[in-house]
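The primary structure of each chain is shown beneath.
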Amino acid sequence: MAKQHVNTTINGDPVEFLCEPDQTVLDVLRDVLGLTGSKEGCGTGDCGACSVIVDGRLSCGCLMLGAEAEGREITTVEGIAEGDKLHPVQQRILEEGALQCAFCTPGFVVAAKALIDQNPDPTETEARYWLAGNLCRCTGYDKIIRAVMNAAADVRGEAA
Amino acid sequence: MTYEDGKLKVVGTRPIRPDGVDKVTGRANFGADHSMPGMLWGRILRSPHAHARITGIDVSKAEALPGVKAVVTGADMAESSGSADAGESAINLRDLSRNVLAHDKVLYDGHAIAAIAATSDKIAREALKLIDVGYEVLPHVMDVDEAMKPDAPLLHDDMFTEGIEPTPETSSNIAKKMVIGFGDVDDGFAKADVIIERTLKTAPVHQGYIEPHACVATISEDGQAVVWCSSQGQFVIRDLCSQLLGMEAADVRVIPAEIGGGFGGKTTVYLEPVALMLSQKSSRPVKMTMTRGEVFRATGPTSASSMDVKIGATRDGRITAASAEFRFQAGAFPGSPVGAACMASFAPYDLENVSITGYDVVTNGPKVAAYRAPGAPQGAYAVETVVDELAEALNMDPVDFRALNGAREGTKAPYGATFKVVGNLECLEATKDHPHYKSNLGPDQGRGVASGFWFNIGGQSAATVAINPDGTVSVVEGNPDIGGSRASMAMMAAEVFGVAVEKVRPMIADTASIAHNDVTGGSRVTFATGMAVVQASEDAVEQLKKRAAKMWDVEVEDVVWQDGAAHTATKDAPLTLADIAAQAGRTGGPITGNASINARGAGPAFTTHICDVEVDRETGAVEILRYTAIQDAGKAIHPSFVEGQMQGGVAQGVGWALNEEYIYSTDGNMENPGFLDYRMPVASDLPMIDTVVIEVPNPSHPFGVRGVGEAPIVPPLAAVANAVYDAVGVRMTELPISPPRLLAAIDAYKAAAE
Amino acid sequence: MARVLLSGDLGRRFADGEAEIEVKGDSVRHVIAALEDLYPGIAEVLSDGRMAVAIDGTIHQDGLYEPVPADAEVIFMPAIGGG
């Protein structure tokens, strides 16, 4: 089968690419477009390391075919910071030391931003359940949750 | 210890790690993030059988597929022999080469048999289907106790149990028997008023790192190779690859990618030698990654265990004797961590009579690999469960019982050596005093405590320091940064120089750029590599003082180094790093410091954990309500990262206790090789994990550091199991305590009570 | 003199169970040689790469050339691997 020709928007920029029919959005991001920030941890949608935001909705890049990106708006971890200004989620993760190997970090950054966009004042339980689709094996989640709660407060404009 | 608490300016603070911004923006490059021009994609064909003889491999159809550039099998691998020193322990090269690519037999579901390199991943995977392998399926054995029986299916004809005199004449699956201990346990048990004896079991569990193995390898026509891979030690990868493939170490340059978790599982090779062989055959770079399924099926989990523990005590609470037999499953090739289990499990106790027997047993599962304090969590689960029962039988508080019998300075450890200054009693005291321990519990809620120990190791590290012309400092070291060690190295160097930590930039070198460094593992990096960085920095400070003396025309004895500058009595103005560095050329050349050590005096870590659970009697689900981990870290260089290590180890231990296990079909195939059914803790499974960092300094390290990374995984298995007992009165002696199992146990307990 | 405790497997195999002995030796290598005189065959076991040695409580994963201070406690034990 011939390659698929796709037009999409990634991190605000128009992008045109060719991909195999069975390549996922994750494959395309990493192997076709060179955006290796999104990671493959499992390929089956169970770990969240490939988290991206598609038309405003948190999704696993590994569960979506590259061809399905046609006409959509995709945000990856590379598009979370604004220029040289880190998003509060990114800044708080750094300040709290909420990262160790940092392989899951891109997924958490994207997922946490999606959370705060949808729910600007999450409780700890809401944050934990929203982020239950992002596996971390290093941190035990404690500092990540604290960072996300503090980041939500930052976005609301409050002192944490 | 040279640097006094109270005067420290950088060590003990919490700066943002120097590699942090790259890590939160997706810029940092992990094993699979690298590409080389002209790169091929490699894939591995794996055995569908748990145990079979390979009767033939026909690769002709695969080779003929357009796009396929190379095919390799075990036959292409030189017959390796002897042992390699992988920095931490001797590794049997013959076993390793057979694990990387099977020779005459496949020994587990997922065992690698052949590999393809092709112009696309798609073609590589298609080509795998075209390889014809003939199998003579053999009976298999998965369970360690079954594998020890005389009529068990045999994995290796040439395995005769080591450690038995005389050496047995018939081969078996028991690779080794060992015994450690001292005193007279029979006499000790005779003196006991209460004896508790239990058998406990654990299942194989995987380290569960989120990043699958990945590498890109290339060999030039003249035999010089470059391997880009994520690992816990680029030097081990280099040495194992060069020895397995008959290459010289200097011809293999291994560049460390960022590593997405290891926990011991990435201290060995799987893909790297295969990628090199494919690259050699195709004359092109080859990229290989594992799928999650391959990671589970074919990379080392840790051993399943079957353990008998017996402890006796007098009525006033003093342990009189302790004995254990640990039977550990090694997977397809020998090398379970049963030795460490034997040595570590009773270490928190001051004993007069102790005897521990260990068996290393092969089974038809993947060859086990190190997993965070290898062997100790299993052994501690068994011992700490029995200790809990003993304390209850004696009507003593479990923490008081542990403190009464607690190891301390002067205690003889089970392996015979005498402990120097250690923090076990301090941890127990902090446990007793902690608000968590004094808080109340409700119905179906329970509390468990458990102690743990890990040796921590020192080992070889080399570091260099260069003073840049503007006075900033570059630190070059050789340990992959798995949890923030770059930050700790920069902080220790900054403390020595007396400058802000942002003026010190650490860098992790490849195997061609720095001398050998032992792995990032064994809780050694902050201790040993930290020591090397400190010594290299101190060496540089000596050079700086000499240059200052030259610039001032004074004696070097009259120069002191303080707050980032040289001072001398006869001059008002100091000479800063920048001042001296600017004149480096004139005063003798570039200013560097070096250190190359085999770090001695690693300080062991003791730890105590408190776990509260609530049991749902309808479903058997266990909720962790509250968890506190108390551990002696010697000195926390960067407290956030020390706390992080403790929290991460706890989470892994909780998963091990409650949900994680390898589930096998009757055919010996792994049924849950994915994150959906190999159920690791997620954010909604855990509460905040409180940590108390005790600091009983290790005098051998300039800042008092003890390794922290491994000890945290040791107590949680028993802490959780003891809490479940406290909640519902059911003693779970098999892990995991998954809902169906706990429910069955609760029902049985109810039925027995009626 | 170094104080050596032979227990567990080593004690069983060479010393009828357990033995605490004093031998002459200012390095681990010399201690092993002195032990070989008392227990023929023990040197091969103790020099195996999979043995570690604890000198006054400090564990050396490959300590063949380590100096042994006067009156130090010397314990041979299996090497451990970390993770």
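Residues numbered from 1 in each chain as written. Chains lettered and ligands numbered in written order. Predicted model: local features only at pLDDT ≥ 70, side-chain atom pairs only at ≥ 80, totals over all residues. Heavy atoms only, no water.

Visitor: In this structure, what is going on with the overall build of chain C? I would like to understand it.
Guide: Summing up its helical and strand segments, chain C has three helices and five strands in all. Considering only C-alpha atoms, chain C reaches an extent of 35 × 25 × 20 Å along its principal axes. Burial statistics for chain C: of 83 residues in total, 53% are counted as buried. Across chain C, the mean location of the 6 positive side-chain charges is 3 Å away from that of the 15 negative side-chain charges. (Helix = DSSP H or I, 4+ residues; strand = E, 2+ residues; numbered from the N terminus. Buried < 20%, exposed > 50% of the residue type's maximum accessible area, 1.4 Å probe, protein only. Lys, Arg positive; Asp, Glu negative; His and termini not counted. Charge placed at Lys NZ, Arg CZ, Asp CG, Glu CD.)

Visitor: I'm lost on helix H4 (residues 121–129) of chain B in this one. Help?
Guide: Because an α-helix packs 3.6 residues into every turn, residues spaced three or four apart end up facing the same way. The set of residues buried in H4 of chain B consists of Asp-121, Ala-124, Ala-127 and Leu-128 of chain B. End-on view of H4 of chain B: buried residues confined to an arc of 125 degrees, all on one side of the axis. (Arc of directions from axis to C-beta.)

Visitor: Honestly, the environment of Ile-145 of chain A in this entry has me stumped. Any pointers?
Guide: All names here are of chain A. Relative to the elements of secondary structure, Ile-145 occurs in helix H5 (residues 142–156). The buried category is assigned to Ile-145, whose relative accessible area is 0%. A C-alpha to C-alpha distance of 27 Å links Ile-145 and Met-64, two positions 81 residues apart in sequence.

Visitor: Would you mind showing me how to read the pattern of salt bridges here?
Guide: A pair can form between side chains of opposite charge whenever their charged atoms are brought close. One pass over the full model with this rule turns up 60 salt bridges over all chains. Between Arg-92 of chain A and Asp-154 of chain A there is a salt bridge, with its nearest N and O atoms 2.7 Å apart. Separated by 62 residues along the polypeptide, Arg-92 of chain A in helix H2 (residues 88–96) and Asp-154 of chain A in helix H5 bring together distant segments of the chain. Looking at Arg-92 of chain A, the relative accessible area reads 16%, which means it is buried. For Asp-154 of chain A, a relative accessible area of 27% corresponds to the partly exposed category. Here the residues in one salt-bridge network are Arg-17, Asp-19, Lys-23, Glu-258, Asp-481 and Arg-486 of chain B, joined through shared partners. (Salt bridge = Lys/Arg side-chain N within 4 Å of Asp/Glu carboxyl O.)

Visitor: Hey, could you run me through the interface of chain A and chain B in this one?
Guide: Interface size is often expressed as the accessible area that is lost when the parts come together. Taken residue by residue, the interface counts 46 residues in chain A and 54 residues in chain B. Viewed at the interface, chain B and chain A are joined by five salt bridges. We note a salt bridge from Arg-30 of chain A to Asp-33 of chain B, for which the minimum N-O separation is 2.8 Å. Linking chain A with chain B are 22 residue pairs in polar contact (both at pLDDT 80 or more). Top contributing element to the side of chain A that touches chain B by residue count: H2 of chain A, with six residues. Grouping the amino acids of the side of chain A that touches chain B by side-chain chemistry returns 20 nonpolar, 10 polar and 16 charged. (Contact = heavy atoms within 4.5 Å. Polar contact = N/O pair within 3.5 Å; in protein donor to acceptor, adjacent residues only side chain to side chain. Nonpolar A, V, L, I, M, F, W, Y, C, P; charged D, E, K, R; others polar.)

Visitor: Just checking my understanding: could you explain the packing of helix H3 (residues 93–100) of chain B against helix H7 (residues 234–245) of chain B for this structure?
Guide: Helix packing for two helices is described by the angle between their axes and how far apart those axes are. Residues and elements named next belong to chain B. Closest axis-to-axis distance for the H3/H7 pair is 11 Å, and the angle between their directions is 90 degrees. By the criterion of interaxial angle, the relationship of H3 to H7 is roughly perpendicular. Only Leu-240, Gln-243 and Leu-244 of H7 make contact with H3, whose side of the interface consists of Leu-93, Leu-96, Ser-97 and Val-100. (Axes fitted to C-alpha atoms, helices over the stretch in contact; angles between N-to-C directions. Parallel < 35°, antiparallel > 145°, perpendicular 65-115°, else oblique.)

Visitor: I keep staring at the domain arrangement of chain A and nothing clicks. Help me out?
Guide: Residues and elements named next belong to chain A. If you check the domain split of chain A, you get domain 1 (4–79) and domain 2 (88–156). Across the boundary between the two partners, domain 1 contributes 14 residues, which contact 13 residues of domain 2. For the pairing of domain 1 and domain 2, the buried interface totals around 1000 Å² over both sides, and the portion due to carbon and sulfur atoms is 71%. Joining domain 1 to domain 2, the criterion identifies four residue pairs in polar contact (both at pLDDT 80 or more). No other element matches the three residues that strand S3 (residues 51–54) contributes to the side of domain 1 that touches domain 2. For the side of domain 1 that touches domain 2, the per-class residue count stands at six nonpolar, five polar and three charged. (Domains from an automatic or database assignment. Buried area = accessible area lost by both parts, 1.4 Å probe.)

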